[in-house]
Amino acid sequence: MRTTTARAYPNIALIKYWGKRDESRILPAAGSLSVTLDAFETTTTVVPNPAGDADSLELDGQPADEEQTRRTTAFLDHVRSLAGSEQPVIVRSRNSVPTGAGLASSASGFAALATAAAAAFELDLDTRALSRLARLGSGSACRSVVPRVAVWHAGDDQASYAEPVDAPDMRMVVVTVDRGRKPVSSRAAMRLTAATSPFYDAWVSSTEDSLAAMIDACRDGDFTRIGEITESHALRMHALIQSTTPPIRFLRPQSVAIFDAVEKLRENGLEAYSTADAGPNVIVLVRPENAEAVAAALDGLGELRIVGPGPGAHPLPEGSEVPAATEGIS
Ligand code: PMV
């Protein structure tokens, strides 16, 4: 075993993953498609700990809470079982944005951890196998293993991984309206949706249709079609989530105001389309040449950041370790 460090970026889904058909293997009810970003990265170091009797996790320089540590150990158990090892490790992870702020930090987090841990345990995994492994940490993490645009296939354990899709160049204007932790985790909200929404079956079947149409639009380089499907699919997901018992609403009045502003931009001839994950922040999909103009038009509606397609999860060279919280204090 050796100490290794890896970096991964979050992804924003244009076709959303919302609902599992198998909780323990994290198999999605339907396929999804996303853009891996070039910003908001997570860097993670895995250090073998032969003297320890359990894994330990430091997040952004602080010891992680019990739930985060439990989830990380459960994930590392998959890695250990592939490697035929029982070795505990120390994990040090650093996010460039606050954890749980709705910018998919679980995707970048588990993609970076899967990449670093696979290398630390000297597993020789290709991108497909690494994507399947990352999926066991957090579903959407399997897409962050892949650069740029990725489709995550539904299917059984072997067949459920992400792979690249040809797509035109695009940018996203991230409009952050709230940096706080979301009140309900995606995992809990998904479970409630499958258990209580009367619309769940229709969501699953219509998502498969939307995904097929999206893949065609990507391959045709048809930005308008990509945008139209993205916005309508996001609104369907939020409608679905609001149909649970008890209802969950992730969008805030400010989020809706941004959807309205983007619609206005389109009416005025500036093409832009909105989407939002399980939180109040809105991501606006634009053509590269329109990114600055759209960001300028949305000025005042939230904290703005233009992002583009980025790299898949990758190991970093030796010497890039995330420092220990106590380092230098001795
Ligand atoms: O992988 P999770 O459990 O963080 O779920 C992600 C859910 C959404 O971000 C709302 C949709 C998606 O496909 O990323």
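Worth saying up front: this structure is predicted, and the values here are computed from it rather than measured.

1. Some details on the domain arrangement of the chain
And then number 1: By the assigned domains, the chain splits into domain 1 (4-166) and domain 2 (171-307).
And then number 2: With centres defined by C-alpha atoms, the gap from domain 1 to domain 2 works out at 23 Å.
And then number 3: Listed per partner, the contact involves 36 residues of domain 1 and 43 residues of domain 2.
And then number 4: Buried area between domain 1 and domain 2, both sides added, is near 3,200 Å², and the carbon and sulfur share of it is 66%.
And then number 5: In terms of surface lost to domain 2, no three residues of domain 1 exceed Leu14, Lys16 and Trp18, which account for 28% of the buried area on that side.
And then number 6: On the surface where domain 1 and domain 2 come into contact, there are two salt bridges.
And then number 7: Note that Glu23 and Arg191 form a salt bridge whose closest N and O atoms lie 3.2 Å from each other.
And then number 8: At the surface where domain 1 touches domain 2, the tally comes to eight residue pairs in polar contact (both at pLDDT 80 or more).
And then number 9: Elements represented by at least two residues in the side of domain 1 that touches domain 2 include exactly strand S2 (11-15), strand S5 (32-36) and helix H1 (66-83).
And then number 10: Looking at the side of domain 1 that touches domain 2, the element that brings in the most residues is S2, giving five residues.

2. Considering the nonpolar core
And then number 1: Residues Val46, Phe75, Val79, Val91, Leu113 and Leu133 are the most contacted members of the largest nonpolar core, which totals 29 residues.
And then number 2: Those elements that provide at least two residues to this core are strand S1 (4-8), strand S7 (56-59), H1, strand S9 (89-95), helix H2 (105-120) and helix H3 (127-135).
And then number 3: In this view, Val79 contacts Ala117, Ala118, Phe121, Leu123 and Leu133; residues no more than four positions away in its chain are not counted.
And then number 4: Counting 27 residues, the second-largest nonpolar core is a separate cluster that includes Val35, Met214, Ile215 and Ile283.

Rules of the game
Residues numbered from 1 in each chain as written. Predicted model: local features only at pLDDT ≥ 70, side-chain atom pairs only at ≥ 80, totals over all residues. Heavy atoms only, no water. Domains from an automatic or database assignment. Contact = heavy atoms within 4.5 Å. Buried area = accessible area lost by both parts, 1.4 Å probe. Salt bridge = Lys/Arg side-chain N within 4 Å of Asp/Glu carboxyl O. Polar contact = N/O pair within 3.5 Å; in protein donor to acceptor, adjacent residues only side chain to side chain. Helix = DSSP H or I, 4+ residues; strand = E, 2+ residues; numbered from the N terminus. Core = buried A, V, L, I, M, F, W, Y, C linked by side-chain atoms within 4.5 Å. Buried < 20%, exposed > 50% of the residue type's maximum accessible area, 1.4 Å probe, protein only.

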